[in-house]
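A structural walkthrough
Each chain, letter by letter, is given below.
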Amino acid sequence: MSSVVVVGTQWGDEGKGKVVDYLAEQADLVVRYSGGSNAGHTVVANNKTYKLHLLPSGILYPNKLCIVGNGVVIDPEKVLEEIANMKAQHVDTSNLRISTRAHVILPYHKILDELQENDLGDKKIGTTKKGIGPCYADKATRTGIRICDLMDKEVFLEKLTTNLAYKNRLFKNMYNAPELDLDTVYQQYLVFAEQLRPYVADTGSLLQENISVGKKTLFEGAQASFLDLDHGTYPYVTSSNPIAGGVCTGAGVAPKQVGTAVGVVKAYSTRVGEGPFVTELLDETGHHIRERGHEYGTTTGRPRRCGWLDACVVRYAAQLNGLDYLAITRLDILDELATLKICVGYKLNGELIKHIPASLKELAACEPIYEEFAGWQQDITNVRAYKDLPENAKRYLERLSEITQTPLGIVSVGPSREQTMIMCELFK
Ligand code: IMP
């Protein structure tokens, strides 16, 4: 059995798209298992930049089976838009398969996302407003509409009627917001349904069939460990499980079918949206990183909060995901800095703590303990072998590897496929 899972170790936007794209070349199947169009993967291939949200990165290669698993929430309009975009760029999408068990995002989910955020005022989560949370909420309360329901006109109408009546009561009585018209939504989604039909499949069985004949499978994580609903900085998280454990529930495989785990680590920290961020830099260095790294959201265009690399966060992600390797991205963004810092521990009320507190009040009160490193202050974007990196860059990376007890597997020094140093074999 040969499978690899790629997960984010921080708060997302680590550059997973690039690592996944590299690994997709070696895989037979590429599988998304969580999240939805809240994700944004930027992949640079053949001198072209592709922005993917819901489609697995494997779509950029011919002959890869690309699966959107049951754990993903599907916005039909968005996925169809993405398919059309790919076709316009001469990318073949005929190998795409979307799970019959995946839940469908409906217009009321997006409206509710917005209304709930507005209601929270300065306590807002900072969601992408793509309807992700409300859709997963319906899934958990067992009122969701799945792709298999959308494929059946009558079932869809029955479920939509019940759901919309409830949501409209909520809009009217709770939010004083306009109600949605049943027939408009129904007709619009019937059109989407027909356009999606050729891609719909029982992806769980398809996956098992392929794994049983030794096909190489790549599980593509979206979001990241600290946005995980259970293990992240709750409530400032997404509504699914992006960690490696989420592969089992979100794709329909057993734990022992999830092979090598690769954790993608951005060489510094960023986060979009609200929530405590122990190593956040609100100074000139933070500004420098944001501008040099073009740290603005792929999905929302929002400026990302920037900070020093937090090894406590990455260490926990290494444990949580059982990481075999670290894939370091965007090391080149730090090229110009004279000194760098890595957070190696937290102090809470004057005491060193070993874990990341569940309580946000405690997490917000944590002070970072930093180790300082001399910068390399040279352009590393043309380095192609790990041994040729400046000594100071290697020292920085090797300290992270030591703290997280996880070997370095990949180091990336730029956006293109060529700017990637591989020090491990991932598909065994
Ligand atoms: P939601 O997933 O839209 O509900 O947003 C919940 C939180 O997750 C917010 O802080 C978002 O900014 C964050 N988030 C969701 N998707 C991504 C992503 O792909 N990268 C980074 N942050 C994300």
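Residues numbered from 1 in each chain as written. Predicted model: local features only at pLDDT ≥ 70, side-chain atom pairs only at ≥ 80, totals over all residues. Heavy atoms only, no water.

In the vicinity of the ligand lie 16 residues, with Asp13, Asn38, Thr128, Thr238 and Arg302 positioned nearest. Contacts to the ligand include Asp13, whose side-chain N or O atom sits 3.1 Å from a nitrogen atom. The separation between an oxygen atom of the ligand and a polar side-chain atom of Thr128 is 2.6 Å. For the ligand, whose unbound accessible area comes to 470 Å², protein coverage reaches 97%. Within the shell around the ligand, the residues separate by chemical class into 6 nonpolar, 8 polar and 2 charged. (Near = heavy atom within 4 Å. Polar contact = N/O pair within 3.5 Å; in protein donor to acceptor, adjacent residues only side chain to side chain. Areas by Shrake-Rupley, 256 points an atom, 1.4 Å probe, with all protein chains shown as cover. Nonpolar A, V, L, I, M, F, W, Y, C, P; charged D, E, K, R; others polar.)

As a further point, take the domain arrangement of the chain. How large an interface is tends to be reported as the accessible area lost when its parts come together. Looking at the chain, the domain boundaries give domain 1 (3–99 + 200–260), domain 2 (103–196) and domain 3 (264–422). A straight line from the C-alpha centre of domain 2 to that of domain 3 covers 37 Å. Facing the 6 residues of domain 2 at the interface are 5 residues of domain 3. Roughly 390 Å² is buried in total at the junction of domain 2 and domain 3, and carbon and sulfur atoms are behind 50% of that figure. Among the residues domain 2 hides against domain 3, the three largest losses belong to Lys124, Gly126 and Thr128. Together they make up 62% of the total. For the pair domain 2 and domain 3, the interface holds 1 salt bridge. A salt bridge links Lys124 to Glu274; its shortest N-O distance comes to 3.7 Å. When its residues are assigned to classes, the side of domain 2 that touches domain 3 shows 1 nonpolar, 3 polar and 2 charged. (Domains from an automatic or database assignment. Contact = heavy atoms within 4.5 Å. Buried area = accessible area lost by both parts, 1.4 Å probe. Salt bridge = Lys/Arg side-chain N within 4 Å of Asp/Glu carboxyl O.)

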